[in-house]
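A look at the structure
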Amino acid sequence: NAGVTQTPKFRILKIGQSMTLQCTQDMNHNYMYWYRQDPGMGLKLIYYSVGAGITDKGEVPNGYNVSRSTTEDFPLRLELAAPSQTSVYFCASSYSIGTASGQYFGPGTRLTVT
Amino acid sequence: QQQVKQSPQSLIVQKGGISIINCAYENTAFDYFPWYQQFPGKGPALLIAIRPDVSEKKEGRFTISFNKSAKQFSLHIMDSQPGDSATYFCAASAYNTDKLIFGTGTRLQVFP
């Protein structure tokens, strides 16, 4: 199993541009999550999904959109990128929130908006 | 009320010593408390987790101590090794949500 894969690894965007961060998992997990990680701030939940076709907002959803058309894929869309969206983005998946195995995280995407 | 407060921000320990990281929460609905370990350039990975029906859980050199009345939990790393040098995050979630709330992280450095 590849686990959780994310593309791209790095990206530089200009202010106002848009992009999609890709996330795929091959563990047949129902739950998937998008987090952003800023220095000294821990991880903040952007959006999450409990299954195909179902998404919900996390703590910091403004400026982002998601979709979940399949169990495997959970892309994160940034519209009109702003410098405040400079961050490291992590996708994660799990069987459920409280399982012994926890959430499996991808390697992250480092995004810079200039 | 959704916050999880973590301390210290950074920790330096000598090889063989005990590393202790503390977290506190306010939301009494939280019922799942995991700790994640993150190495530079990698995503976090689950280290150990506890539920409030027990006061302690041990896995190898890693122990979670849980104090329900004080709403605090801590991670103890016994016989700390240089390979334990990483950032550690505590987290919590409530039984009626699917969302983890993370602490701000502790950067642990273990010197030989």
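A brief look at the structure comes next. (Residues numbered from 1 in each chain as written. Chains lettered and ligands numbered in written order. Predicted model: local features only at pLDDT ≥ 70, side-chain atom pairs only at ≥ 80, totals over all residues. Heavy atoms only, no water.)

What follows covers the overall build of chain A. What chain A contains, in helices and strands, is 0 helices and 11 strands. Ordering the α and β elements of chain A from the N terminus gives β-β-β-β-β-β-β-β-β-β-β. In terms of overall dimensions, chain A has C-alpha extents of about 40 × 30 × 25 Å along its principal axes. The proportion of buried residues among the 114 residues of chain A is 47%. For chain A, the share of sequence-separated contacts (at least 6 apart) that also reach a separation of at least 24 residues comes to 55%. For chain A, the exposed area adds up to about 5,200 Å²; of that, 53% sits on carbon and sulfur atoms. Placing the 9 positive and 7 negative side-chain charges of chain A at their respective mean positions leaves the two points 9 Å apart. (Helix = DSSP H or I, 4+ residues; strand = E, 2+ residues; numbered from the N terminus. Buried < 20%, exposed > 50% of the residue type's maximum accessible area, 1.4 Å probe, protein only. Contact = heavy atoms within 4.5 Å. Areas by Shrake-Rupley, 256 points an atom, 1.4 Å probe, with all protein chains shown as cover. Lys, Arg positive; Asp, Glu negative; His and termini not counted. Charge placed at Lys NZ, Arg CZ, Asp CG, Glu CD.)

What follows deals with the nonpolar core. Looking at soluble globular proteins, one finds that nonpolar side chains tend to be buried together. In terms of nonpolar packing, the biggest core is built from 26 residues, with Val 4, Phe 30, Phe 33, Trp 35, Phe 73, Leu 75 and Tyr 88 of chain B touching the most fellow members. At the level of secondary structure, the elements contributing two or more residues to this core comprise β2 (10-14), β3 (19-25), β4 (30-38), β5 (45-50), β7 (62-67), β8 (72-77), β9 (86-94) and β11 (106-111) of chain B. A total of 5 residues in this core trace back to one element, the largest contributor, which is β9 of chain B. Ranked by size, the runner-up nonpolar core spans 20 residues in total, among them Trp 34, Ala 81, Tyr 89 and Val 113 of chain A. (Core = buried A, V, L, I, M, F, W, Y, C linked by side-chain atoms within 4.5 Å.)

Time to look at the interface of chain B and chain A. Taken together, the contacts link 19 residues of chain B with 25 residues of chain A. Counting across the chain B and chain A interface gives 0 salt bridges. Here chain B is connected to chain A by 2 residue pairs in polar contact (both at pLDDT 80 or more). Listed by contribution, the elements that provide at least two residues to the side of chain B that touches chain A are β4, β9 and β10 (101-102) of chain B. In terms of residue count, the dominant contributor to the side of chain B that touches chain A is β4 of chain B (3 residues). (Salt bridge = Lys/Arg side-chain N within 4 Å of Asp/Glu carboxyl O. Polar contact = N/O pair within 3.5 Å; in protein donor to acceptor, adjacent residues only side chain to side chain.)

Residue and element names in this part refer to chain B. Its place among the elements puts Gln 6 in strand β1 (residues 4-7). Judged by relative accessible area, which is 10%, Gln 6 ranks as buried. Here the side chain of Gln 6 touches Tyr 88 through a polar contact of 2.6 Å, landing on its backbone oxygen. Here Gly 105 takes part through its backbone nitrogen, which lies 3.0 Å from a polar atom of the side chain of Gln 6. What Gln 6 contacts, discounting residues up to four positions off in sequence, is Ile 21, Asn 22, Cys 23, Trp 35, Tyr 88, Phe 89, Cys 90, Gly 103, Thr 104, Gly 105 and Thr 106.

Now for the sheet that holds β8 of chain B. All names here are of chain B. Ordered in space as β1-β3-β8-β7-β6, the 5 strands form an open sheet in which the pairing is antiparallel. The open sheet has two free edges, formed respectively by β1 and β6 (56-59), since each of these has just one partner strand. Put simply, the sheet's adjacent strands are angled 15 degrees from each other on average, direction ignored. Here 6 bridges tie β3 to β8, and the two strands are oriented antiparallel to one another. (Pairing = 2+ DSSP bridges. Axes fitted to C-alpha atoms, helices over the stretch in contact; angles between N-to-C directions.)

Let us look at the packing of aromatic side chains. Residues and elements named next belong to chain B. Taken as a whole and judged by the stated rule, the model has 17 aromatic pairs over all chains. For the ring pair Tyr 25 and Phe 66, a centre distance of 6.3 Å and an interplane angle of 15 degrees mean the geometry is stacked. Residue Tyr 25 is located in strand β3, and its partner Phe 66 is located in strand β7; the two are separated by 41 residues in the primary sequence. An angle of 85 degrees between the planes, with centres 6.4 Å apart, marks the rings of Phe 89 and Phe 102 as edge-to-face. Taken together, the positions of Phe 89 in strand β9 and Phe 102 in strand β10 put the pair 13 residues apart, joining distant regions of the chain. Looking at Phe 89, the relative accessible area reads 3%, which means it is buried. (Phe/Tyr/Trp six-rings, centres within 6.5 Å; stacked < 30°, edge-to-face > 60°.)

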